[in-house]
Amino acid sequence: MSQHFLLSAAARTLSVLEVAGLSDDAAFALFKRLRWGDREEVGCPHCGLVHKHYFRPARQIWRCAGCGEDFSVTSGTIFAFHKLPLRVYLVATILFANAVKGLSALQMARDLGVQHKTAYVLLHKLREALDSARDDSPLAGDVHVDGAYVGGSVRPENRKADRVDRRLTENQNPNKRCILVMRENPTPEERKDGFRGAKRTLAMVIEKETQAAMAILAPRFIVPGSTVSADESDAYDPLHAKYDMRRVNHSREYRAEDGTTNNQAESYFSRFRRMHFGQIHKLAPKYLDRYAHEVAYREDTRGWANGRIFLDIVGKCAHALTSRDWCGYWQGNKRLGECLAA
Ligand SMILES: [Zn+2]
């Protein structure tokens, strides 16, 4: 039997030690290259002029030849107005890339020697950068779909006489949400090339797994005529009209007689639950979409070497605009509500 990819040397191409050992100049050069390439011309984030702007090496900033404003390598990116050395953000990114089951802010705070508040915002900025580059175009071919509930548990009272029927709507946790996941499988030819997992994953937060939600979301995110595998939930019944539906009844079996499974969706939720119970613990509806997307990214990159994931995330940070939700978070700039897909 061949060695599992994650055990091979090809899976670990970068270590935390290497990133932590980068000089300030090397960290600057890496971020600059991922943002603007190897050219001397850089783009001014204030006016957009791409030019060989006047560079002041002592402060490592440019003065724009067009508008005269100063900017740094992180101005206008997700790391704008950063207070720690750039290298610390790169170390945070390799820790985040290596933590395939997610990473809690408390653990990140200890690893970096920063406050929990700092680590919390930093992690959310990384999630926002991942989100900004997300491909939301519709899936096609062979798609696995499923929903799972998060945040629904209600702690039972100590005495049995005081306990309520937790199945009733009025006794349920108001923070209960459903994560809906859709995953496109590789074709048989692509699978022969050693392709692992699904090709692309879309994850979204909805209130309930219902026919009404599916009527909106399936046509938006799955090309009509695709093969869709789902479980026995009646939410997916209306999809029979537009898709080649395969069903597996999980109360009876995990794999139907015709070979149908929705194991890609189960794989996603397996990772999500491990992140939730093992790392994050507390998931409020307000940012649940960000965690759902993070797990989608981790599932889609599970066959990548860690150095490639690191460069991909840093590249996304370099191209993501200054955070709407997280820049000045502790000064009161917060997202107002949650993001529901339907
Ligand atoms: Zn300018």
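Below, the structure is looked at part by part. (Residues numbered from 1 in each chain as written. Predicted model: local features only at pLDDT ≥ 70, side-chain atom pairs only at ≥ 80, totals over all residues. Heavy atoms only, no water.)

Focus on the coordination of the zinc ion
- Taken together, the protein ligands of the zinc ion are C44 (SG), C47 (SG), C64 (SG) and C67 (SG), with distances of 2.3 Å.
- Each of the four donor atoms around the zinc ion contributes to a set of angles spanning 103 to 115°, which defines the coordination as tetrahedral.
- Each donor residue of the zinc ion belongs to the same chain, and together they define the spacing C-x2-C-x16-C-x2-C. With a gap of 20 residues between them, C44 in the loop between β1 (42-43) and β2 (50-51) and C64 in the loop between β4 (61-63) and β5 (70-71) connect regions that are remote in the sequence. For the pair C44 and C64, a shared accessibility class is recorded, and that class is buried. (Donors = N, O, S within 2.8 Å, 3.2 Å for Na, K, Ca; no water. Tetrahedral: all angles 85-135°; square planar, octahedral: opposite > 155°, others 65-115°. Helix = DSSP H or I, 4+ residues; strand = E, 2+ residues; numbered from the N terminus. Buried < 20%, exposed > 50% of the residue type's maximum accessible area, 1.4 Å probe, protein only.)

Points about the environment of P219
- Relative to the elements of secondary structure, P219 occurs in helix α7 (residues 211-221).
- For P219, a relative accessible area of 41% translates into the label partly exposed.
- Sequence-wise, P219 and L86 are 133 residues apart; in three dimensions their C-alpha atoms are separated by 43 Å.
- When neighbours within four sequence positions are excluded, P219 is seen to be in contact with M214 and Y243. (Contact = heavy atoms within 4.5 Å.)

Concerning the packing of aromatic side chains
- Enumeration according to the criterion identifies 16 aromatic pairs in this entry.
- Summarising the aromatic geometry, the rings of F28 and F55 are spaced 6.0 Å apart at their centres and angled 35° between planes, so their arrangement reads as tilted. Of the two residues, F28 is situated in helix α2 (residues 24-36) and F55 in strand β3 (residues 54-56); the sequence distance between them amounts to 27 residues.
- Ring geometry for Y120 against W326: centres 5.6 Å apart, planes inclined by 75°, an arrangement best described as edge-to-face. (Phe/Tyr/Trp six-rings, centres within 6.5 Å; stacked < 30°, edge-to-face > 60°.)

What about the sheet that holds strand β7 (residues 177-184)?
- Sheet architecture is open: five strands sit in the order β8-β7-β6-β9-β10, paired in mixed fashion. With one partner strand each, in any of the chains shown, β8 (200-206) and β10 (244-247) form the two edges of the open sheet. In this sheet, adjacent strand axes meet at a mean angle of 20° when their direction is disregarded.
- Bridge count for strand β6 (residues 142-150) against β7 is eight bridges, and the pairing is antiparallel. The residue of β7 that forms the bridge with Y149 is C178.
- Packed onto the sheet, α7 meets β6, β7 and β8 and runs at close to 30° relative to β7.
- Those strands touched by helix α8 (residues 263-280) are β6, β7 and β8, and its axis lies near 30° from that of β6. (Pairing = 2+ DSSP bridges. Axes fitted to C-alpha atoms, helices over the stretch in contact; angles between N-to-C directions.)

Observations regarding the pattern of salt bridges
- Using the criterion set out here, one finds 24 salt bridges in the structure.
- Here D300 and R183 are joined by a salt bridge, their closest N and O atoms 3.7 Å apart. Here D300, found in helix α9 (residues 288-300), pairs with R183, found in strand β7; they are 117 residues apart in sequence, far enough to count as distant.
- Here D300 falls in the partly exposed class, since its relative accessible area comes to 23%.
- The shortest N-O distance in the salt bridge between E184 and K199 comes to 3.4 Å. Linking E184 in strand β7 with K199 in the loop between α6 (188-192) and β8, this pair joins segments that are 15 residues apart in sequence.
- With a relative accessible area of 31%, K199 lands in the partly exposed category. (Salt bridge = Lys/Arg side-chain N within 4 Å of Asp/Glu carboxyl O.)

Interpretation note: all reported values are geometric properties and have no functional meaning in isolation.
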